[in-house]
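One-letter residues, chain by chain:
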Amino acid sequence: MISSPDWVRLSFGADMVLGFSPGQFLKGALNTTINLLQYYPDGCKANCIYCGQAREVAKGPECKTLIRVEWPLRKLDDVLSRIKEREGNPEYGLQRICVGQLAHPRASPDAIEITRRIREHGIELQISELVTATYTFKKHMIEMRNAGADMIDVAIDAASKRVFDAVRGKTVRSMHSWDRYIQAIDEAVEVFGKMNAGIHLIIGLGETEKEAVELMQYAHNRGAKISLFAFYPEYGTPLGNKKPVPLNVYRRTQIARWLIENDIVDINSFKFDEKGRIIDIDIPADISLEELAPAFMTSGCPGCNRPYSNEKPGSRLKNIPWYPTKNQVISSIRAAEIDNLAKRFLN
Ligand code: SF4
C-alpha cells in the first residue's frame, strides 16, 4: 500500500534540491531543510480551515497543496538515498530534515519509524519532528528522541484559545484541543530540553498582536523556541479568500519574537493600543540596527530557512531566508510602522 512510513510527500523545494523535480529558487536561495510530510490514503483526520490537507478540503489523499505548492509523493528509501548523496556537499547546503505529521492515528509511530530509517541510512543531518499534539504524547516524543531526532516543534499555529477554537477546534468540526497543545509544549521541552523544543505560530489567523506576543512570552517562559509563519491563503480552503497578513503586522511580530526570544525585553516593554496592536516597544539603548537584523530572517530550528513559503516569489519576503542586507533591515524596520523605532534606527 502506498502510505507512510514507506512513502512521504516532499516539499516542492526539497523535491528540487534532491533532483526529483527540475528548477531552482529565485535569487539562488538554498532550501537548507528537507521537509517530509506523511501520506495516508485516508488523508488527514482534522479540519483546520486554513490548511489544504484538511479533511473537508482534501476529501481524500489526492490533495494536494500545502503552503500553495504541490508536495510530490516519493518513496522514502529513494529520498534518503539522495539525501545521503548530497549531505555535506556545500552546493546543496543541507542542514536539517523535518519529519512533518498529518493528524492521523499512525502519525507518531510512523514519524518514529521515518526517523529511525533516516539514521539507518547513515544520515547525520539534524532531525526535527513537527508534531500534532492530538496524536503525539510524551511517550512518543521520548521514542522520537531515542530514534535520533534532535528537535521538536508543536504546531499550535494559533495564538490564543479563541483563535484556535475558531480555526482548528470543535467550531470547525475539528478535534484539536488548545489545552492538549499547551500541555504538549511542556512535554516537548521536558523530553528534548529547553530551546530544542518549540512552537509553530502563524500570524494572520485572526489573532491580535497582543495575543501573539502573549503566546510567544508564554512559550519562551516554558523554554520553547518560536517558529513564526505568515498567513497566506490556501486556495480552496474556507480561509482561501482571507487576505495575507499585512507586512506591517508581520514585521512587528518578528521584532517582538526576536526581542523576547533573546531575553532583551519581556511583554512589559510592549505598548498596545485598544485593538491589541503594538504601538511602541521599550528597547534598550545599546541595541544596534545590525543586531536587530536576524529578527527578519526565517525563525525556527537552526538551518530551516523555508524560502518563499510565506509569500509569492517576487513579492516582499516576509521570512528572509538568508542574512538580510542593511537595506532589507532598514526597509523592514520602516515597514513595522512603529514611530519610536523608526526615529531611533532610521535617522
Ligand atoms: S522550524 Fe522548520 S525544521 Fe523546525 S519543525 Fe518547523 S518546519 Fe520543521
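Please refer to the structure higher up on the page.
Summary of the structure given here. (Residues numbered from 1 in each chain as written. Predicted model: local features only at pLDDT ≥ 70, side-chain atom pairs only at ≥ 80, totals over all residues. Heavy atoms only, no water.)

## A closer look at the environment of A197
Stated precisely, the cut-off is as follows: Secondary structure elements are defined from DSSP: runs of H or I of at least 4 residues count as helices, runs of E of at least 2 residues count as strands, and each element is numbered from the N terminus. Contacts were defined at the residue level, with two residues in contact if any of their heavy atoms lie within 4.5 Å.
Looking at the secondary structure, you find A197 in strand β9 (residues 197–203). Taking the C-alpha atoms as reference, A197 lies 25 Å from A54; in sequence the two are 143 residues apart. Every residue in contact with A197, bar those within four places of it in the chain, is listed here: I152, D153, A188, V189, G223, A224 and K225.

## Regarding the site of the ligand
How we decide: When we say a residue is near a molecule or strand, we mean one of its heavy atoms is within 4 Å of it. Residues are grouped as follows: Ala, Val, Leu, Ile, Met, Phe, Trp, Tyr, Cys and Pro are nonpolar; Asp, Glu, Lys and Arg are charged; all remaining types, including Gly, are polar.
Inspection of the region around the ligand gives N35, R96, C98, S128, D153, H200, S227, G300, C301, C304 and R306 as its neighbouring residues. Looking at side-chain class alone, the shell around the ligand contains three nonpolar, five polar and three charged residues.

## Some points on the pairing of strand β2 (residues 33–38)
Quick note on the threshold: Burial classification: accessible surface area is computed with a 1.4 Å probe over protein chains only, and a residue below 20% of its type maximum counts as buried, one above 50% as exposed, and the rest as partly exposed. Strand pairing is defined by DSSP finding a minimum of two bridges between the two strands.
Counting buried residues in β2 gives six out of six residues, a clear majority hidden from the surface. Side chains of β2 alternate between two faces, with T33, N35 and L37 and I34, L36 and Q38 buried alike. Strand direction decides the pairing type here: strand β1 (residues 7–10) and β2, joined by three bridges, are antiparallel. Residue pairing for β2: V8 is matched across the bridge by Q38. By the bridge criterion, five bridges tie β2 to strand β6 (residues 96–100) in an arrangement that is parallel. Bridge pairing in β6 places T33 opposite R96.

## Thoughts on the packing of aromatic side chains
Put simply, the rule is: Any Phe, Tyr or Trp ring, taking Trp's six-membered ring, that has another such ring centre within 6.5 Å forms a pair; planes under 30 degrees apart are called stacked, those over 60 apart edge-to-face, and the others tilted. Note on criteria: charge over ring means Lys NZ or Arg CZ within 6 Å of the ring centre, with the direction from the centre no more than 35 degrees off the ring normal.
Scanning the model with the defined rule gives three aromatic pairs in all. Ring geometry for F270 versus F272: centroids 6.1 Å apart, planes at 15°, classification stacked. Classification of F270 as buried rests on a relative accessible area of 7%. Across from the ring centre of F20, 4.0 Å away, lies the NZ or CZ of R82, which sits over that ring.

## A look at the environment of V189
Here V189 shows up in helix α7 (residues 178–192). On the basis of relative accessibility, which here comes to 10%, the residue V189 falls in the buried class. In this structure the C-alpha to C-alpha distance between V189 and R222, which are 33 residues apart in sequence, comes to 7.6 Å. V189 has contacts with K194, A197, R222, G223 and A224, leaving out every residue within four places of it along the chain.

## A word on the pattern of salt bridges
Heads up, the condition is: The term salt bridge refers to a side-chain nitrogen of Lys or Arg lying within 4 Å of a carboxyl oxygen of Asp or Glu.
Scanning the entire structure with this criterion turns up 21 salt bridges. The closest approach of N and O atoms between D6 and R117, which form a salt bridge, is 2.7 Å. In this pair, D6 sits in the segment before β1 while R117 sits in helix α4 (residues 107–120), placing the two residues 111 residues apart along the sequence. In this structure, E214 engages K210 in a salt bridge whose closest nitrogen and oxygen atoms are separated by 3.1 Å. Remark: K210 and E214 occur in helix α8 (residues 209–222); sequence separation between them is four residues, near one turn of the helix.

## Quick look at the layout of surface pockets
To be explicit about the condition: A pocket, in this scheme, is an open set of points on a 1 Å grid over the protein atoms alone with protein on both sides within 12 Å along at least 5 of 7 lines, while a cavity is a set where a 1.4 Å probe fits but cannot get out; residues line either one if an atom lies within 4 Å of a point. Grid points are joined across faces, edges and corners, and a volume is the space filled by probe spheres set on the points.
Roughly 330 Å³ of internal volume is contained in the second largest pocket. Looking at the second largest pocket, it is lined by 19 residues, and the ones nearest its centre are T298, S299, G300, C301 and P302. Residues of the lining of the second largest pocket, tallied by class, amount to ten nonpolar, six polar and three charged.

## A look at helix α11 (residues 326–336)
The cut-off we apply is this: In this context, the arc is that of the directions from the helix axis out to the C-beta atoms.
The complete set of buried residues in α11 reads V329, S332, I333, A335 and A336. Here the buried residues of α11 occupy an arc of 160° about the axis, which is enough to place them on one side. With respect to the buried face of α11, the exposed residues turned more than 90 degrees away are K326, N327 and R334. Looking at the packing, one finds that the buried side of α11 touches α9 (247–261), α10 (289–292) and α12 (339–346). Downstream of α11 by a residue or two, E337 has a phi angle that is positive, lying close to 55°.

## Observations concerning the sheet that holds strand β5 (residues 73–75)
For the record, the criterion: The axes are straight lines fitted to the C-alpha atoms, using for helices just the contacting stretch, and the angles between their N-to-C directions are given from 0 to 180°.
On the basis of which strands lie adjacent, the open sheet formed by eight strands has the order β5-β1-β2-β6-β7-β8-β9-β10 and mixed pairing. Across the chains shown, the open sheet's two edge strands, defined by having one partner strand only, are β5 and β10 (225–230). Across this sheet, the average inter-strand angle for adjacent strands is 30°, counted without regard to direction. In the sheet, β6 pairs with strand β7 (residues 126–131) via five bridges, with the strands oriented parallel. Looking across to β7, one finds that C98 is bridged to S128.

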